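Reading the structure
The residues making up each chain are set out below.
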Amino acid sequence: RFAMDAERWLTEFLKGQAAAPDAALQSFFAECADRNPQAAVERRAKELPAAADLPKEVTDAGLRLYYKVLGMILRREEERLGTRNHASLLNDGAMHASLLAVCCELAAHTLLPMSRAFPTVPMAMGVSSFAFLIMSENFLRDFEFELSPQLRGHLVTLCNKIVESEVWRADTPVTAYFADS
């Protein structure tokens, strides 16, 4: 039942969204005064899921979710800031990698339940557990009502797992911070 509900939600949520930037997202790219980030965004969106060796169906769903959520983030920022130039956000490679990792994790969890143990997807994409945690918390805060209850629960579980174990490993920013204190 869980898998069917989550898959139904994902299908409905992504209806009409391509696995590429739509016209609205392209217009945000064009508004960047410094440089148009579209090529870099599309390159990352192609390379990072390939590094995770995800099936095509999962990659497509992850990319569609990524582009849809990125558009939603930009529209919210436009309302909040009153500008369409989001060059600093759109040129932030770490932010894009983290968002893409969250989207692909959600797609993999929905379409391939029990097939990949966390943190396989973000690690393959070069996203640390700490960066995944930060993006997941933002994702939950900003899209709580858009997410299905099952996927919201999955992200909460992952956040808890990271806080309970992953961020305390020796090679994380949290332990480095405490070591420097």
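The structure this text deals with has already been given above.
Residues numbered from 1 in each chain as written. Predicted model: local features only at pLDDT ≥ 70, side-chain atom pairs only at ≥ 80, totals over all residues. Heavy atoms only, no water.

1. Section: the overall build of the protein
Scanning the protein from N- to C-terminus turns up ten helices and zero strands. Along the protein, helices and strands appear, N-terminal first, in the series α-α-α-α-α-α-α-α-α-α. Across the 181 residues of the protein, 46% fall into the buried class. Sequence-distant contacts in the protein: of pairs separated by 6 or more residues, those separated by 24 or more amount to 74%. (Helix = DSSP H or I, 4+ residues; strand = E, 2+ residues; numbered from the N terminus. Buried < 20%, exposed > 50% of the residue type's maximum accessible area, 1.4 Å probe, protein only. Contact = heavy atoms within 4.5 Å.)

2. Some details on the nonpolar core
Tyr66, Leu99, Met125, Phe132, Phe139 and Leu155 are the most contacted members of the largest nonpolar core, which totals 55 residues. Of all the elements in the fold, those that place two or more residues in this core are helix 1 (2-13), helix 2 (23-30), helix 3 (38-51), helix 4 (56-81), helix 5 (87-90), helix 6 (93-111), helix 8 (129-143) and helix 9 (149-164). The element contributing the most residues to this core is helix 6, with twelve residues. For Leu99, the residues in contact, after removing those within four places along its chain, are Tyr66, Val69, Leu70, Ile73, Met135 and Phe139. (Core = buried A, V, L, I, M, F, W, Y, C linked by side-chain atoms within 4.5 Å.)

3. Examining the environment of Arg64
With respect to the secondary-structure elements, Arg64 resides in helix 4. Residues Arg64 and Cys104, 40 residues apart in the sequence, show an inter-C-alpha distance of 9.5 Å.

4. Overview of the pattern of salt bridges
All chains considered together, the criterion is met by eight salt bridges. Residue Asp5 is joined to Arg8 by a salt bridge in which the shortest nitrogen-to-oxygen separation is 3.1 Å. Pair noted here: Asp5 and Arg8 are both in helix 1, with a separation of three residues, about one helical turn. Asp5 sits in the buried class, given a relative accessible area of 17%. A salt bridge links Asp142 to Arg141; its shortest N-O distance comes to 3.0 Å. Overall, Asp142 belongs to the partly exposed group, its relative accessible area being 28%. For Arg141, a relative accessible area of 56% puts it in the exposed group. (Salt bridge = Lys/Arg side-chain N within 4 Å of Asp/Glu carboxyl O.)

5. Considerations on the packing of helix 6 against helix 8
Following both chains from N to C, one finds helix 6 and helix 8 inclined at 70°, their axes separated by 9 Å at the closest point. As summarised for this structure, helix 6 and helix 8 are arranged roughly perpendicular, according to the angle between their axes. In this structure, helix 6 uses Met95, Ser98, Leu99, Ala101, Val102, Cys103, Glu105 and Leu106 to contact helix 8, whose residues at the interface are Ala131, Phe132, Met135, Ser136 and Phe139. Grouping the amino acids of the contact of helix 6 with helix 8 by side-chain chemistry returns ten nonpolar, two polar and one charged. (Axes fitted to C-alpha atoms, helices over the stretch in contact; angles between N-to-C directions. Parallel < 35°, antiparallel > 145°, perpendicular 65-115°, else oblique. Nonpolar A, V, L, I, M, F, W, Y, C, P; charged D, E, K, R; others polar.)

6. A word on the packing of aromatic side chains
Scanning the model with the defined rule gives four aromatic pairs in all. Residues Phe118 and Phe132 carry aromatic rings whose centres are separated by 5.1 Å and whose planes lie at 50° to one another, so their mutual orientation is tilted. With a gap of 14 residues between them, Phe118 in the loop between helix 6 and helix 7 (120-124) and Phe132 in helix 8 connect regions that are remote in the sequence. A residue is classified by how much of its surface remains accessible, and Phe118, at 9% relative accessible area, is buried. Seen from the ring of Phe13, Lys68 lies directly overhead, with NZ or CZ sitting 4.3 Å from the centre. Taking the ring centre of Phe28 as reference, the NZ or CZ of Arg84 above it sits at 4.1 Å. (Phe/Tyr/Trp six-rings, centres within 6.5 Å; stacked < 30°, edge-to-face > 60°. Lys NZ or Arg CZ within 6 Å of the ring centre and 35° of its normal.)

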